[in-house]
Amino acid sequence: MLSKIWKNRLEFYPFLCMYLFWFLGSFVSSLRVENRPGIVALGLITIPSLTLITIAAVKTYKELLLTGDTNE
Amino acid sequence: MNNLSPSVTYDKRFGYIAYGLLLLVIIFSTYLHYFQPEILRVPSNTDVSTWHNPTFEQTLIYDRMSEAERQKIRTEGVTDGNNLSLVLFNDVVMLLLGLICYFHARRHFGFWLASCFLIGSFVFTGLQESLWILGGRYLGGSFTNPMGEVIYGSYWFTRGGLWFIETPVVACIGWFFIAYTCVLTAGKIFPKMSLLGRATAGGLIAMGIDLWMDPAVTSPEIMNWVWGKGDFLLFFGIPIYNFMGWFFLIFCFAILWEKLPQMEKRWGRAKATNRFFLICFGADFCVMAFILVSWFVIVGNLLSLMGVNHGLLIPQGW
């Protein structure tokens, strides 16, 4: 599975971008914030968006299984 | 050279002109921002007492701060305001993320469509942000909201390496890959949905991510950007019209870009490109006008009629 993803890593770049953006821009930032009650818990509000992005990434993987590698 | 097809020749010329122009605007804006800050009234990161439209006391972050935090900002300036390594880190990371997303777009849609997405979203959002930022700086304090409270400007970014007008290039690049991924995600999950439905889904996905990021990065510990007071409803210290902007920018751009292949079929690549960028410019002003009218005029007056007589106040320390 991992070798398949690595071989076709370009297909996952947009999703990787969003995960990193979410992680660095929101998660790490919220940990830096002190004395603002609930700022970390507020992250729960991003669950629907993250779930949809994850579903799209999984769908991309399933498409690759059906169609074969894109860089062959 | 003579063996190249007309579209390849056009793509090359388009690439040189579009990327060249964008680079020129970035170089000129960056020069203005750092070396002629008085022209665009760039607020100082070191001395907050020089802020005007809004002053430090007229910002939302002032309300969120404790007295000790206010004193710290008055003496030391904006948090990490002149931290060059942080600026460099942000710029490099965002450029890399934008670049890998562009590679994906180029493989799937070709050079012309991928470049139209990159440059189009970059300019569309960069111009929109700059319109709000400069509008706030020059017109701040001149208007009141329907509750009779003064609108003290809009907002501005405190950090950035390269600038597009008054928007950091990293913010424009961020808009590019967020818009691209959200439109891609909506298309993957709802392939049978109409264009309007997919654009709506893309806009909502992007807005969902922003709902957490903005309250965190505008906190006094980070101060990535600063908001002026004036909106009557706030979400964890962030004006609601910011989230409306997130949704409508992605929504409108997704529709414009997905219409581009049809425009090409109808008018040819060169004319389609010109019209696409012209529509992008026009749509920028329409989005701004729509948010101003729908939010500040219609919703504001409705709330006022319902008896709301002042905007939401933020508890100190938030």
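I will try to describe carefully the structure that is included in this document.

1. Details of the overall build of chain B
And step 1. Summing up its helical and strand segments, chain B has nine helices and six strands in all.
And step 2. For 318 residues, the compact-globule estimate of 2.2 N^0.38 gives 20 Å, and the C-alpha radius of gyration of chain B, at 21 Å, lies within 12% of that figure.
And step 3. Projected onto its principal axes, the C-alpha positions of chain B cover 70 × 45 × 35 Å.
And step 4. Across the 318 residues in chain B, those meeting the buried criterion constitute 57%.
And step 5. Within chain B, residue pairs in contact and separated by at least 24 positions form 77% of the contacts whose partners lie at least 6 positions apart.
And step 6. Surface exposure of chain B reaches about 14,100 Å², of which carbon and sulfur atoms provide 68%.

2. Side note on the side chain of B:Ser219
And step 1. As for its placement among the helices and strands, B:Ser219 is situated in the loop between helix 6 (195–217) and strand 4 (225–227).
And step 2. With a relative accessible area of 0%, B:Ser219 lands in the buried category.
And step 3. Apart from residues no more than four positions distant in its own chain, B:Ser219 is found in contact with A:Val33, B:Ile61 and B:Arg64.

3. Considering the layout of surface pockets
And step 1. Size it by volume and the largest pocket reaches roughly 900 Å³.
And step 2. In terms of lining, the largest pocket is formed by 42 residues, of which the most central are A:Phe21, B:Met213, B:Val217, B:Asn224 and B:Trp225.
And step 3. If you list the elements that add at least two residues to the lining of the largest pocket, you get helix 2 (13–32) of chain A together with helix 4 (84–139), strand 1 (155–157), helix 5 (169–189), helix 6, strand 4, helix 7 (240–258) and helix 9 (269–305) of chain B.
And step 4. When the residues that make up the lining of the largest pocket are grouped by side-chain class, the tally is 28 nonpolar, nine polar and five charged.

4. Some words on the interface of chain B and chain A
And step 1. Taken together, the contact between chain B and chain A spans 40 residues of the former and 40 residues of the latter.
And step 2. Between chain B and chain A, roughly 3,700 Å² of surface is buried when both sides are summed, and carbon and sulfur atoms account for 73% of that area.
And step 3. The three residues of chain B that bury the most area against chain A are B:Lys188, B:Ile209 and B:Trp212, which together make up 23% of that side's buried surface.
And step 4. Taken together, the connections running from chain B to chain A amount to three salt bridges.
And step 5. The residue A:Glu63 makes a salt bridge to B:Lys188 at a minimum N-O spacing of 2.9 Å.
And step 6. On the surface where chain B and chain A come into contact, there are nine residue pairs in polar contact (both at pLDDT 80 or more).
And step 7. Broken down by secondary-structure element, the contributors of at least two residues to the side of chain B that touches chain A are helix 4, helix 5 and helix 6 of chain B.
And step 8. In terms of residue count, helix 6 of chain B provides more of the side of chain B that touches chain A than any other element does, ten residues in total.

5. Quick notes on helix 3 (residues 47–67) of chain A
Owing to its 3.6 residues per turn, the α-helix brings residues three or four apart onto one side.
And step 1. Under the 1.5 Å per step criterion, the end-to-end length of helix 3 of chain A is 30 Å for 21 residues, consistent within 8% with the ideal 30 Å.
And step 2. For helix 3 of chain A, the full list of buried residues reads A:Ser49, A:Leu50, A:Ile53, A:Ala56, A:Ala57, A:Thr60, A:Tyr61 and A:Leu64. Taken around the axis of helix 3 of chain A, the buried residues stretch over an arc of 140 degrees, which confines them to a single face. Facing away from the buried side of helix 3 of chain A by more than 90 degrees, the exposed set consists of A:Pro48, A:Lys62 and A:Leu66.
And step 3. At its buried positions, helix 3 of chain A is contacted by helix 1 (2–7) and helix 2 of chain A together with helix 5 and helix 6 of chain B.
And step 4. Directly beyond the C-terminal end of helix 3 of chain A, a positive phi value near 90 degrees is found at A:Gly68.

The rules behind the values
Residues numbered from 1 in each chain as written. Chains lettered and ligands numbered in written order. Predicted model: local features only at pLDDT ≥ 70, side-chain atom pairs only at ≥ 80, totals over all residues. Heavy atoms only, no water. Helix = DSSP H or I, 4+ residues; strand = E, 2+ residues; numbered from the N terminus. Rg over C-alpha atoms; globule rule 2.2 N^0.38 Å. Buried < 20%, exposed > 50% of the residue type's maximum accessible area, 1.4 Å probe, protein only. Contact = heavy atoms within 4.5 Å. Areas by Shrake-Rupley, 256 points an atom, 1.4 Å probe, with all protein chains shown as cover. 1 Å grid on protein atoms, 1.4 Å probe; cavity = no way out; pocket = protein on both sides within 12 Å on 5 of 7 lines; lining within 4 Å. Points joined across faces, edges and corners; volume = space filled by probe spheres on them. Nonpolar A, V, L, I, M, F, W, Y, C, P; charged D, E, K, R; others polar. Buried area = accessible area lost by both parts, 1.4 Å probe. Salt bridge = Lys/Arg side-chain N within 4 Å of Asp/Glu carboxyl O. Polar contact = N/O pair within 3.5 Å; in protein donor to acceptor, adjacent residues only side chain to side chain. Expected span 1.5 Å × (residues − 1). Arc of directions from axis to C-beta.

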